[in-house]
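Here is how the chains run, residue by residue.
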Amino acid sequence: MSTVTEPETQPAADALATRGPSHHPLVRTIKHDINVKPFIVIWEVTRACQLVCKHCRADAQHTPDPRQLTTDQGKALLDELASYEAPRPLVVFTGGDAFERRDLAELVRYGTGLGLNVSLSPSVTPLMTPALLAELRDAGGRAMSVSLDGATAETHDAFRGFAGTFEATLRAAKWITDAGFRLQVNSTFTKGNIHEAPALLKTVLEMGAFMFYTFLLVPTGRGADLQALSPDEREDVMHWLHDVSDRIAIKTTEAPQYRRIAIERDRAREAGEPLQPRGELYHYLTEETTRLLGAHAERPRPPRPPMAVNSGSGFAFIDHIGDVYPNGFLPVHCGNVTQQRFSEIYRDSPVFQALRRPQEFEGKCGVCEFNLLCGGSRSTAYALTGNYLASDPTCAYVPPAWAVREAASAAV
């Protein structure tokens, strides 16, 4: 997962104005041409990590890969990202555990010296110390995330593979904010922990986080062994997240349908119509949130509009050895930055180009009126079907055009 501080965006591009629901002020789109330049680049600076997280997309690796990008290669990559015209892509250093790199502060200082907005997404291990956090903040790092995957030590520590990680994460959060970083808390939701979500939200608020970054599990890597939420459960969770978005900024990953839900809810509000009935999980989450935090936010904030960025479409991932993918959870190799310029891979890769044409996706995603602003989770489509252009099997929404097509097929 990642941490970002976002530059200015616009509600929706004029070119989408004729597509009805694909043009809406509650969903932000990128001002620049995302066919040429990404909005955000995640760099896995190392695969090494001392934790063994159950949901991780990567294999546990306690020592750095000897092939990982060197300091000089990393600086060359940052040079290229800084060569884009402003606004330059946001850059997130992740892992593995980014703190496993001894040259991390040097790389952060180099990137920010080039004018890049650099954030960090490390693991909470003994490598995280107040001294290192102060050094990274002095180097120009602006935001940092920690992961919290349960409201109790039992749940979170089971996720992370080590006892004591829950308490260490709460302690690390204070160190991060004390150092002057903006804190983001990342949480993965599965069937096993979703009922702790309201209590987890309460903890996140108490940690002083500016953003609650929620990840609806993609069954890939070690996460394939966990129980992902059903399509209807995902809808319930996203509606609940929208409800609580006046308490803290909400960001979803691998759940682009949250953008559709924001639009549907706004339409219902403007029309004075009730929302469609929700399921048992939604009602549980709502009631538990009210019990823990009250029915309404004490100091409500305007909900953060979700952003129309998707795998390969404004988003790119570079792994520890320089291989480029549309997303860290979408393992379709598109090139390597030691052999080809990143800008060429992002712009010219047939995979990236196909991901930027959601009207050509297969199944109901291809005909969905929200596909330019949603597009479904490409990582989940790939994990469950083997085809990154397939319809997202975890989406419960049935587009009218798809319903008409299915009805016509059934009548034949």
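In what follows, the structure referred to is the one given above.
Conventions used here
- Residues numbered from 1 in each chain as written.
- Predicted model: local features only at pLDDT ≥ 70, side-chain atom pairs only at ≥ 80, totals over all residues.
- Heavy atoms only, no water.
- Core = buried A, V, L, I, M, F, W, Y, C linked by side-chain atoms within 4.5 Å.
- Buried < 20%, exposed > 50% of the residue type's maximum accessible area, 1.4 Å probe, protein only.
- Helix = DSSP H or I, 4+ residues; strand = E, 2+ residues; numbered from the N terminus.
- Contact = heavy atoms within 4.5 Å.
- Axes fitted to C-alpha atoms, helices over the stretch in contact; angles between N-to-C directions.
- Parallel < 35°, antiparallel > 145°, perpendicular 65-115°, else oblique.
- Left-handed = near helix turned anticlockwise from the far one by under 90°.
- Nonpolar A, V, L, I, M, F, W, Y, C, P; charged D, E, K, R; others polar.
- Salt bridge = Lys/Arg side-chain N within 4 Å of Asp/Glu carboxyl O.
- Phe/Tyr/Trp six-rings, centres within 6.5 Å; stacked < 30°, edge-to-face > 60°.
- Expected span 1.5 Å × (residues − 1).

Describe the nonpolar core, listing the residues and the values that go with them.
Counting 92 residues, the largest nonpolar core has Phe93, Leu136, Phe189, Val237, Trp240 and Phe342 as its most contacted members. With 5 residues, helix H5 (residues 165-178) is the single largest residue contributor to this core. What Phe189 contacts, discounting residues up to four positions off in sequence, is Ile194, Ala197, Leu200, Phe212, Thr214, Phe215, Leu216, Leu217, Leu229, Val237, Trp240 and Leu241. Val27, Ala308, Cys374 and Cys395 belong to the second largest nonpolar core, which has 9 residues in total.

Kindly report on the packing of helix H2 (residues 104-113) against helix H3 (residues 130-138), identifying the contributing residues and their values.
Between two packed helices, what matters for the description is the angle formed by their axes and the separation of those axes. Two elements in contact, H2 and H3, have axes whose closest approach is 8 Å; the angle formed by their N-to-C orientations is 20 degrees. When the axes of H2 and H3 are compared, the pair comes out roughly parallel. Taken as a pair, H2 and H3 cross one another with a handedness that is right-handed. Here Leu104, Ala105, Val108 and Arg109 of H2 come into contact with H3, specifically with Glu135, Leu136 and Asp138. Of the residues that constitute the contact of H2 with H3, the class distribution is 4 nonpolar, no polar and 3 charged.

Pulling in residues and values, what's your account of helix H13 (residues 378-385)?
Taken as a whole, H13 has its buried residues at Arg378, Ser379, Thr380 and Ala381. Of the surrounding secondary structure, the elements contacted by the buried residues of H13 are strand E8 (310-311), helix H11 (350-355) and helix H12 (363-367). At the exit of H13 stands Gly386, carrying a positive phi of roughly 80 degrees.

Outline the pattern of salt bridges, supporting the account with residue identities and numerical values.
All told, the structure shown has 18 salt bridges when counted by the stated rule. In this structure, the salt-bridge partner of Arg269 is Asp266, at a minimum N-O distance of 2.6 Å. Of this pair, Arg269 and Asp266 both sit in helix H8 (residues 257-271), 3 residues apart, which is roughly one turn of the helix. Through salt bridges that share partners, Glu235, Arg260 and Glu264 make up one connected network.

Tell me about the packing of aromatic side chains, and please be specific about residues and values.
Within the structure shown, the criterion is met by 6 aromatic pairs. Aromatic pair Trp43 and Phe93: ring centres 5.2 Å apart, planes at 85 degrees, arrangement edge-to-face. Separated by 50 residues along the polypeptide, Trp43 in strand E1 (residues 40-44) and Phe93 in strand E2 (residues 90-94) bring together distant segments of the chain. Taking relative accessible area as the criterion, Trp43 reaches 1% and is therefore assigned buried. Taken together, the aromatic side chains of Phe342, Tyr346 and Phe352 make up a single cluster linked through ring pairs.

Which residues make up H8, and what are the values?
Relative to the 21 Å expected for 15 residues at 1.5 Å per residue, H8 spans 21 Å between its end C-alpha atoms, a close match to the ideal helical length. Considered for burial, the residues of H8 that qualify are Gln257, Tyr258, Arg259, Arg260, Ile261, Ala262, Ile263, Arg265, Asp266 and Ala268. Where the residues of H8 are buried, they touch helix H7 (231-243) and strand E7 (249-253).

Without other data, these values stay purely geometric and don't point to any function.
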